[in-house]
Amino acid sequence: MWRAGRVLTWRLAGRLYSSKPPKPSSSSLSQSNYPLRPQAEKQRRRKEREGAILSSQRSTAEDNVKWSEKQRVEYTAQTPPGTKKDTSLPFPSSYSPDYVESSWYQWWEKEGLFSPEHHEKLSHAVDKTFSLCIPPPNVTGTLHLGHALTVAVEDALVRWRRMQGHRVLWVPGCDHAGIATQTVVERMLLREEGKRRQDFTREEFLQEVWKWKNTKGEEIYNQLRRLGASLDWSRACFTMDPGFSRAVTEAFVRLCDSGLIYRSEGLVNWSCALESAISDIEVDSKELSGPTMLSVPGYEHEVEFGTMLTFAYPVEGHDAEVMVSTTRPETMLGDMAVAVHPDDPRYQAVHGKQCRHPFTNRLLPIITDTMVDMELGTGAVKVTPAHDHTDFLLSQRHSLPRLTVIGGDGRMTPLCGHWLEGVKRFDARQIVLDALAERKLLRGKKDHAMTLPICSRSGDIIEPLLKKQWFVRCNEMAKKAIQAVEDGQLQIIPHFYTKTWKNWLSNISDWCISRQLWWGHQIPAYRVELPDSTDKQEEQWVWGRSEDEARQRAAVKCGVKPEDISLTQDPDVLDTWFSSALFPFAMLGWPQQTSDLQCFYPNSILETGSDLIFFWVARMVMLGTELTSQLPFKKVLLHSLVRDKHGRKMSKSLGNVIDPLDVIHGASLERLQEKVKVGNLEPREQVVAMEAQRKDFPKGIPQCGTDALRFALCSHKMQGEDISLSISQVLSSRHFCNKMWQTLRFALGVLGDSTTPVEPLEETTTLNSMDRWVCSRLYSTIVQCEKSFEAYELHTVTSALYSFWVHSLCDVYLECVKPVLVHTDTEHSGRSRQVASSVLYHCVSVSLALLSPFMPFLTEELWQRLQPFRPGAAAQTSLCLQPYPCSSQLAHWHFPDEERDFPLVQEVVRVARSLRAQCGMTKEKTAMWAVCSSSQAQILLHFESAVWTLSRISNLHIYCPQGGEGVLSTPPPARSLVGVVDHTCQLHLHVQSEMRVSKQIVELTQRREKLVPKLEEFLCRVQSPHYLTKVPAHVRQQTDSKMSALQQELKNIEDQLKVLQGSQTTE
């Protein structure tokens, strides 16, 4: 079911109507209001992307990624599946996903940690419930990055709520995928046994499908486990399970009883290759810019599409003709009328007249309708009610008969006459054209841009056919779904989808739920035959939960004895989306009032891709509300689509799908290319796909691991533009994993050498400014995580956690406290070391808990290794059951003054290091002078030790021109190099070496050349006419501050150049 939804553009043959294009099928979800890009624009953008891929220019983004194959370390301890991993083994020197991700999942699963029943064992359990279902993937499918994004987002939310003490249920499921599965099994039987489906009885064929499912069906579940999804596998739900099938039958019967399901004749998307109606999502739209030869299943030679044919109908009784245009001349055998606009002056004389069909001798009325666009083509259109959606509507308005001239097998029907009966539809096309030419009625042929509907399962060209099918009335249910959002009962995130929701559901049509397949839920409806019935009588249908119930209903309906009735069950099956729409409650045992249904329904949230908002989400809302009298969930969280780095939607038809397991384990370029070759791509698309791989992955895909992939996916803003994921981003997350690994190696070394135990978190009191600062940064990080998790802004959570671990903990705090922690024989007191060790332990331990929802394997591995040093009572068995850190626990660690002041220290350190680098000082430590305001001086004194350590200087002399307590009163020495911190603070470094002086002159000159254009840009901006009126005050203030700093730095550069050049002259 996790297929990317397709929006269909259906510009069908010769439809010259002024209204919007007709919808492609009798689906409940009209596509007409979707904001489609013009076809020419879509074609242009696609060609541009393909051209960029095929050009000689190499891809720049991936070229910047330098990686080499890392040594793989494997976990080799004898650990039976399901037993806890041994973390007492020596700590490997570097991070390896193979080592880290081994054994943990089997242990989590065996311990039942993902079951809501485990909730009662939590010491921090709260009386709150969090439930959701995974969008059930197709049983035939393999995961792609879109699935991985869904798993990463949902599992992060699930693990977060579970750690908060909620009673959590996340149900795994798998969709039986009627057409996809039947197609796969048919191909397998043909390949292995040389048999077709028709060579089996229905029961025999279904046995073969079940055998295939039982052999292959677990693969998708194993892939979900590989991604670390914390699903409750004891409740795994397959849509063809007996319990689920009973729910489908119950839903059908109830909806029939309430009049919401009915049987009628209507046009459907028909795949002649499959001989079945298919849903909108199983239709691809292929854009053609003009004449194109395409392979079509069942044809030896390619068929031409992308041309428009014009032919004439003679007007009966007049020396006149009406010309019509079409891209499907074979359907003209089913023409029932010719339509013109009532105001078109060219056809005023033929209103009410008739045309003579050249082959059937039928008289076709010339009808008038305002739907016809007189500006397009000839202004006259052929009306083929049985083979075109808009023509079908016209036939209803004008009471036209409907003649089916193409059968379900794609061959012309007997109604066409002996000369065409049994001929394949596209072979008939040329025969019809030849016949028109012979009668001198063919008027021309021209190139025509069009969008061709193609069956995604078989590659066949979709044929709209008139069939008697079962339909769901959607109008009233859609109104309730719209009202639920408007009343705030159902929240859609991001909010901008609410407008789309209303627009689409306001234009809904009835939903065809019949499918002509064997694999699926056979429709529980029965055709009634009475002893005295004849073929001419109207069909009578009943439905029931069983055949016996249906027989009793038929007896009551017809007023006869049950034994006098003959019932024949409809051989069709229900659309897969019908059963999928029941998932939120059927998975919990509905229609039985099970304890799960009472506890976990409605679900807390539904998270899925934005492309499924109508194919799946809207149908769940409509059927859930109708069948349970409740909304199936309270919130809908929609994430964006994942695109490749070229901006193309990931699709099997483009060959650009990335298997997440290739990112987790790594894959060579040869392996990637082999996957493209075995795919069913057209030659040009295969060339583009393989060239894109050669550019994007010249050395293949590096092994990144599950944690890095999940973290990278969640680092994207999902509630907005589509995600263009580059492997370089995942590789960056792997580097973060290694950073965490090395941090733990250092921490474990410190804790192992310590002679004093770690203090409990609530008893750890900070001594110095750096302890206070890092503790407060951790507190603020937790606050940010709390706010962002509640707002479902996971990218903000991951950003905050990355920033704290890398930039605060590693780059700053560890660099500052290493002298305290490592050199035990120095002047640093034992108390300082104890506090620093405790602060380090808690920063790491709390951060691992914060990161656990995103990186379950790595955080579990590292957290378990910290446990021997844990103060107080033993923790829960696993990190995933630990309480999620909350800011209230760390309120005593909040020091806002330190956090507010420390950015000045960081900027001073940056400038100091820059000055040292300019002078080539790599090892020696020198003194520096800071010329600053008195308030800045107090900050630098407060963080004096950190400034010295991080700047790698021997001393920092502070000079305040205005004076200040505790600072020097003498200015820095002359001939010093100056670095600007801001407009009130500069650093001075005294330079004596002549070589350094010359080098510094060059570097200062280069720096000046870079700064001058920046200052000029600012000046142009502030001198613009509307600067004061249109630019907000806070932005103007920031601009003024930046300009002031630039001007001050340029002045300092000029002063320094004078000093340095003067010193050269003197010497």
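Residues numbered from 1 in each chain as written. Predicted model: local features only at pLDDT ≥ 70, side-chain atom pairs only at ≥ 80, totals over all residues. Heavy atoms only, no water.

Notes on the environment of Arg 356
Using the following cut-off: Runs of H or I in DSSP of at least four residues are treated as helices and runs of E of at least two as strands, each being numbered from the N terminus. Burial classes follow relative accessibility: with a 1.4 Å probe on protein chains only, a residue under 20% of its type's maximum area counts as buried, one over 50% as exposed, and anything between as partly exposed. In this description, contact between two residues means that some pair of their heavy atoms is separated by no more than 4.5 Å. As used in this structure description, the phrase polar contact means that two N or O atoms lie within 3.5 Å; if the pair is within protein, one of them must be able to donate a hydrogen and the other to accept it, and residues adjacent in sequence are counted only when both atoms belong to side chains.
The residue Arg 356 is located in strand S13 (residues 354-356) in this model. Judged by relative accessible area, Arg 356 falls into the partly exposed class, the value being 23%. Sequence separation of Arg 356 and Leu 987 is 631 residues, and the distance between their C-alpha atoms is 96 Å. With near-sequence residues (within four places) excluded, Arg 356 lies in contact with Tyr 313, Pro 314, Glu 316, Asn 361, Arg 362 and Leu 363. Separated by 2.9 Å, the side chains of Arg 356 and Glu 316 make a polar contact. Separated by 2.7 Å, the side chain of Arg 356 and the backbone oxygen of Asn 361 make a polar contact.

Quick notes on helix H28 (residues 896-918)
Note the threshold: Here the expected span of a helix is defined as 1.5 Å times the quantity of residues minus one. Two axes enter the definition of the bend at a residue: one is fitted to the seven residues ending there, the other to the seven starting there, and the bend is the angle between them.
In this model H28 runs 35 Å from its N-terminal to its C-terminal C-alpha over 23 residues, within 8% of the 33 Å that 1.5 Å per residue would give. Within H28, the axis deviates most sharply at Phe 902, by approximately 30 degrees, and proline Pro 903 lies no more than four positions further along. The positive-phi residue at the C-terminal boundary of H28 is Gly 920, with phi of around 75 degrees.

Side note on the pattern of salt bridges
Heads up, the condition is: For this document, the term salt bridge refers to a Lys or Arg side-chain nitrogen within 4 Å of an Asp or Glu carboxyl oxygen.
Scanning the model with the defined rule gives 51 salt bridges in all. Taking the shortest distance from any N to any O, the salt bridge between Arg 235 and Glu 117 comes out at 2.8 Å. Of the two residues, Arg 235 sits in the loop between helix H8 (219-226) and strand S4 (237-238) while Glu 117 sits in the loop between helix H4 (104-110) and strand S1 (129-133), which places them 118 residues apart along the sequence. A single salt-bridge network, built from bridges that share partners, covers Glu 250, Arg 254, Asp 257, Arg 545, Glu 549 and Arg 553.

What about the side chain of Ser 325?
Tracing the backbone through its elements, the reader meets Ser 325 in strand S11 (residues 321-326). Within the structure, Ser 325 has its side chain in polar contact with the side chain of Thr 310 (distance 2.8 Å).

Description of helix H30 (residues 944-951)
An α-helical turn contains 3.6 residues, so any two residues separated by three or four positions project in the same direction. This is how it is decided: Arc definition: directions from the helix axis to the C-beta atoms.
Along H30, the residues that are buried comprise Ala 946, Val 947, Leu 950 and Ser 951. Looking straight down H30, one finds that the buried residues subtend no more than 110 degrees of arc, so they occupy a single side. Buried residues along H30 sit in contact with helix H24 (769-790), helix H25 (794-822), H28, helix H29 (934-942) and strand S31 (955-959). Phi turns positive one or two residues past the end of H30, at Arg 952, with a value near 55 degrees.

Quick look at the state of the cysteines
Rule in force here: Two cysteine sulfurs form what is called a disulfide whenever their separation falls within 2.5 Å.
Inspection of the entire model under this criterion finds zero disulfides. Counting only cysteine sulfurs, Cys 843 is the nearest neighbor of Cys 810, a cysteine outside any disulfide, at a range of 11 Å. In this model Cys 880 remains outside any disulfide bridge; the closest cysteine sulfur is found in Cys 714, 17 Å from its own. Taking relative accessible area as the criterion, Cys 880 reaches 2% and is therefore assigned buried.

With respect to the sheet that holds strand S15 (residues 380-383)
Which entries qualify depends on this criterion: Strands are labelled as partners when DSSP assigns at least two bridges between them. Angular values range over 0 to 180 degrees, each being the angle between N-to-C directions of two axes fitted as lines to C-alpha atoms, with helices fitted over their stretch in contact.
Ordered in space as S13-S14-S12-S15, the four strands form an open sheet in which the pairing is mixed. In this open sheet, the two strands that pair with only one neighbour each are S13 and S15. Taking the axes of each pair of neighbouring strands and ignoring which way they run, one obtains an average angle of 30 degrees across the sheet. Across three bridges, strand S12 (residues 337-340) lies against strand S14 (residues 363-368) in parallel orientation. Looking across to S14, one finds that Ala 339 is bridged to Ile 367.

With respect to the sheet that holds S31
Backbone hydrogen bonds hold the strands of a sheet together, and the pairing may be parallel or antiparallel. As summarised here, the arrangement of the four strands in space is S31-S30-S33-S32, forming an open sheet in which the pairing is mixed. Looking at which strands have only one partner, the edges of the open sheet turn out to be S31 and strand S32 (976-982). Pairwise comparison of adjacent strand axes, ignoring direction, gives a mean angle of 25 degrees for this sheet. Bridging between strand S30 (residues 927-931) and strand S33 (residues 985-990) involves three bridges; their strand directions are antiparallel. Note on S33: the bridge partner recorded for Val 931 is Gln 986. Along the sheet, H28 makes contact with S30, S32 and S33, crossing S32 at roughly 150 degrees.

Details of the packing of helix H5 (residues 145-163) against helix H22 (residues 706-714)
Our working rule: Any angle that falls under 35 degrees is termed roughly parallel, while one over 145 is termed roughly antiparallel, one within 65 to 115 roughly perpendicular, and all others oblique. Three classes are used: nonpolar for Ala, Val, Leu, Ile, Met, Phe, Trp, Tyr, Cys and Pro, charged for Asp, Glu, Lys and Arg, and polar for all others, with Gly counted as polar.
It is the contact of H5 with H22, at a shortest axis distance of 9 Å, that shows an interaxial angle of 85 degrees. The angle between H5 and H22 places the two elements in the roughly perpendicular class. Contacts between H5 and H22 involve Leu 145, Ala 148, Leu 149, Ala 152, Val 153, Asp 155, Ala 156 and Arg 159 from the former and Leu 709, Arg 710, Leu 713 and Cys 714 from the latter. Taken together, the residues of the contact of H5 with H22 break down into nine nonpolar, no polar and three charged.

Here's the deal with the environment of Ala 180
Residue position: Ala 180 is located in helix H6 (residues 178-193). In the structure, Ala 180 is positioned 41 residues away from Val 139 in sequence and 8.8 Å away in space, judged by C-alpha atoms.

Thoughts on the confidence of the model for the chain
For the record, the criterion: Per-residue confidence from the prediction method is given by pLDDT, with values spanning 0 to 100.
For the chain, per-residue confidence averages 87 on the pLDDT scale, and 90% of positions sit at 70 or higher. Note that residues 1-37 has pLDDT below 50 and, in this model, 155 contacts with residues that lie over four places away or in other chains.

Looking at the pairing of strand S2 (residues 167-171)
Just so we agree on the cut-off: Looking down the strands as they point away from the viewer, one classifies a crossover as right-handed if the path from the first strand across the helix to the second runs clockwise.
Counting buried positions over the five residues of S2 gives five, a clear majority of the element. Of the two faces of S2, the one holding Arg 167, Leu 169 and Val 171 and the one holding Val 168 and Trp 170 are both buried throughout. Examined bridge by bridge, S1 and S2 share five bridges and lie parallel to one another. Directly across from Phe 130, in S2, lies its bridge partner Val 168. On the question of chirality, the crossover connecting S1 to the parallel S2 by way of H5 is right-handed.

Brief notes about the packing of aromatic side chains
In plain terms, the rule: In this scheme Phe, Tyr and Trp rings, the latter by its six-membered ring, pair at centre separations within 6.5 Å, and the angle between planes marks the pair as stacked below 30 degrees, edge-to-face above 60, and tilted otherwise. As a reminder, the over-ring test applies to NZ of lysine and CZ of arginine, requiring each to be within 6 Å of the ring centre and within 35 degrees of the ring normal.
Applying the stated rule across the entire model yields 36 aromatic pairs. Measuring from centroid to centroid gives 5.3 Å for Phe 305 and Phe 426, while their planes differ by 85 degrees, and the two rings are edge-to-face. Taken together, the positions of Phe 305 in strand S9 (residues 303-305) and Phe 426 in helix H11 (residues 425-438) put the pair 121 residues apart, joining distant regions of the chain. In terms of burial, Phe 305 and Phe 426 fall into one category: buried. An aromatic cluster is built from Trp 160, Phe 711, Phe 736, Phe 789, Tyr 802, Phe 854 and Tyr 884, whose rings are joined through pairwise contacts. In this structure, Arg 473 packs its charged tip against the face of Tyr 262, placed 4.1 Å from the ring centre.

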